[in-house]
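# Architecture at a glance
In case you want the letters, here they are:
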Amino acid sequence: MAEHAHTAPPSDPELRIKALESLLAEKKLIDPAAVDAIIETYETKIGPRNGARVVARAWTDPEYKARLLADATKAIAELGFSGAQGEDMVVVENTEEVHNVVVCTLCSCYPWPTLGLPPVWYKAAPYRARVVSDPRGVLLEFGTVVSDDVEVRVWDSNAELRYLVLPRRPEGTDGWSEEQLAALVSRDSMIGTATIPTPAPGAAP
Amino acid sequence: MPVITKDLVSVLINTGGSTRVAKPVAPRFRVGDRVLVRTLNPEHHTRLPRYARGKRGTVEHDHGVFVFPDTSAHDEGEKPQHVYTVRFVARELWGPSAPERDTLRLDLWDDYLDPAP
């Protein structure tokens, strides 16, 4: 026998969303097919692999990196990523002296074309409230230790600019291809809550 | 308001809609200026976080002219104006227990700012 009843009702938020969606559809305020198309786009086409390609290109092409830091919107569009919530982009670079981390204290502003839709914790009040006042404490909870001699620079992106962190390229990746490098780049490293660990020796190429 | 149909989805996602305004509006501040964030407590929509009100910072970048959300959100006009990245030291915002080195950047519209006395 299964421990859980097979007919457990959906959670409250799920029921609320279903009710809202069917009501909006009934009133002809939304087209359910359009809603499905939006969800499918962000589930299968647009996500943090896009941002990882931008990062890997910047690591391997100094001229691209210079363009990216000077005009991120244009440089990101070179790789084919642009559109909603990426209209006005800024890329901020992690260095030996600075560790950047991005938040939207107002709600959930996030660079969709490069990172997709934000994770739940990014939209949650505890992250938004605490990462501005105690970024080092929050980073520690993500397993990210920033040394005292490095500046933690918080970017509160609740205006019209959208931010992508250019993480530091890990040691031991000399000679790696752009594709191999892109595979190392995590979503959280481009939000700034994580860094990219040095790959195990012999991991690639 | 027109309903977004399935055919429109990819167009909307791929083009987006910047709130940047191509109008020559004079900036009130220059990079390097010291600014004091106004203490405002509007009942309506604002992009001015409470933690920054009454705090001092330095203009680090001028991003150009954008629609002002505090008015446009209420159909009171675009009121286009400059948006700046303002740099704050963590101690200005959070007091002496914040690490000396740490900072915060926040993008603010002209109407949120006064010159720091």
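Residues numbered from 1 in each chain as written. Chains lettered and ligands numbered in written order. Predicted model: local features only at pLDDT ≥ 70, side-chain atom pairs only at ≥ 80, totals over all residues. Heavy atoms only, no water.

### A word on the packing of helix α2 (residues 32–44) of chain A against helix α1 (residues 6–15) of chain B
Running from amino to carboxyl end, α2 of chain A crosses α1 of chain B at an angle of 40°, the nearest separation of the two axes being 8 Å. It follows that α2 of chain A is oblique to α1 of chain B by the angle criterion. Once α2 of chain A is placed against α1 of chain B, the crossing between them reads as right-handed. Here α2 of chain A contributes A33, A34, A37, I38, T41 and Y42 of chain A to the contact with α1 of chain B, which in turn contributes K6, V9 and I13 of chain B. Among the residues making up the contact of α2 of chain A with α1 of chain B, the classes are represented as 7 nonpolar, 1 polar and 1 charged. (Axes fitted to C-alpha atoms, helices over the stretch in contact; angles between N-to-C directions. Helix = DSSP H or I, 4+ residues; strand = E, 2+ residues; numbered from the N terminus. Parallel < 35°, antiparallel > 145°, perpendicular 65-115°, else oblique. Left-handed = near helix turned anticlockwise from the far one by under 90°. Contact = heavy atoms within 4.5 Å. Nonpolar A, V, L, I, M, F, W, Y, C, P; charged D, E, K, R; others polar.)

### Some words on the side chain of R162 of chain A
Residue and element names in this part refer to chain A. Tracing the backbone through its elements, the reader meets R162 in strand β4 (residues 162–166). Buried within the structure, R162 lacks any salt-bridge partner; E160 is the closest side chain of opposite charge, at an N-O distance of 4.3 Å. Only 2.7 Å separates the side chain of R162 from the side chain of Q85, close enough to count as a polar contact. Separated by 3.3 Å, the side chain of R162 and the backbone oxygen of S157 make a polar contact. With near-sequence residues (within four places) excluded, R162 lies in contact with Q85, D88, M89, V90, C109, Y110, P111 and S157. (Buried < 20%, exposed > 50% of the residue type's maximum accessible area, 1.4 Å probe, protein only. Lys, Arg positive; Asp, Glu negative; His and termini not counted. Salt bridge = Lys/Arg side-chain N within 4 Å of Asp/Glu carboxyl O. Polar contact = N/O pair within 3.5 Å; in protein donor to acceptor, adjacent residues only side chain to side chain.)

### What to know about the interface of chain B and chain A
At the interface, 35 residues of chain B touch 36 residues of chain A. Across the chain B/chain A interface, buried area totals approximately 2700 Å², and carbon plus sulfur atoms make up 57% of it. A per-residue breakdown of the area chain B buries against chain A is headed by I13, R101 and R105 of chain B, which together make up 22% of the total. Linking chain B with chain A are 4 salt bridges. For the pair chain B and chain A, the interface holds 20 residue pairs in polar contact (both at pLDDT 80 or more). (Buried area = accessible area lost by both parts, 1.4 Å probe.)

### With respect to the nonpolar core
Across soluble globular proteins, nonpolar side chains have a tendency to be buried as a group. Ranked by internal contacts, the top residues of the largest apolar core, which has 68 residues, are L68 of chain A together with L108 and L113 of chain B. Among the elements that take part in this core, helix α3 (residues 48–60) of chain A stands out by supplying 6 residues, more than any other. Setting aside anything within four residues of it in sequence, one finds L113 of chain B in contact with R28, F29, V35, L36, V37, R38, Y84, V86 and L108 of chain B. Residues A34 and A84 of chain A together with V9 and I13 of chain B belong to the second largest nonpolar core, which totals 7 residues. (Core = buried A, V, L, I, M, F, W, Y, C linked by side-chain atoms within 4.5 Å.)

### Details of a nonpolar patch on the surface
Taken together, the side chains of I4, L8, V11 and L12 of chain B make up a nonpolar region of the molecular surface, amounting to roughly 310 Å² of accessible area. Mapped onto the elements, V11 of chain B comes out in helix α1. (Patch = residues over 30% accessible without salt bridge, like charges linked within 9 Å, V, L, I, M, F, W, Y side chains within 5 Å. Areas by Shrake-Rupley, 256 points an atom, 1.4 Å probe, with all protein chains shown as cover.)

### Structural notes on the domain arrangement of chain A
The assigned domain composition of chain A is domain 1 (11–42) and domain 2 (49–191). Here the C-alpha centre of domain 2 of chain A lies 31 Å away from the C-alpha centre of domain 1 of chain A. (Domains from an automatic or database assignment.)

### Thoughts on the packing of α3 of chain A against helix α4 (residues 62–70) of chain A
Residue and element names in this part refer to chain A. Two elements in contact, α3 and α4, have axes whose closest approach is 5 Å; the angle formed by their N-to-C orientations is 125°. Between α3 and α4, the crossing angle belongs to the class labelled oblique. Taken together, the residues of α4 that come into contact with α3 (itself represented by V54, R57, A58 and T60) are P62, Y64, K65 and L68. Its residues placed into classes, the contact of α3 with α4 shows 5 nonpolar, 1 polar and 2 charged.

### A word on the environment of R28 of chain B
All names here are of chain B. Here R28 shows up in the loop between α1 and β1 (34–37). Taking relative accessible area as the criterion, R28 reaches 40% and is therefore assigned partly exposed. As a C-alpha pair, R28 and Q81 span 53 residues in sequence and 9.0 Å in three-dimensional space. Contact partners of R28, with chain neighbours within four places excluded, come to R38, Y84, D110, D111, L113, D114 and P115. Engagement of the side chain of R28 in a polar contact is seen with the backbone oxygen of D110, the distance being 2.7 Å.

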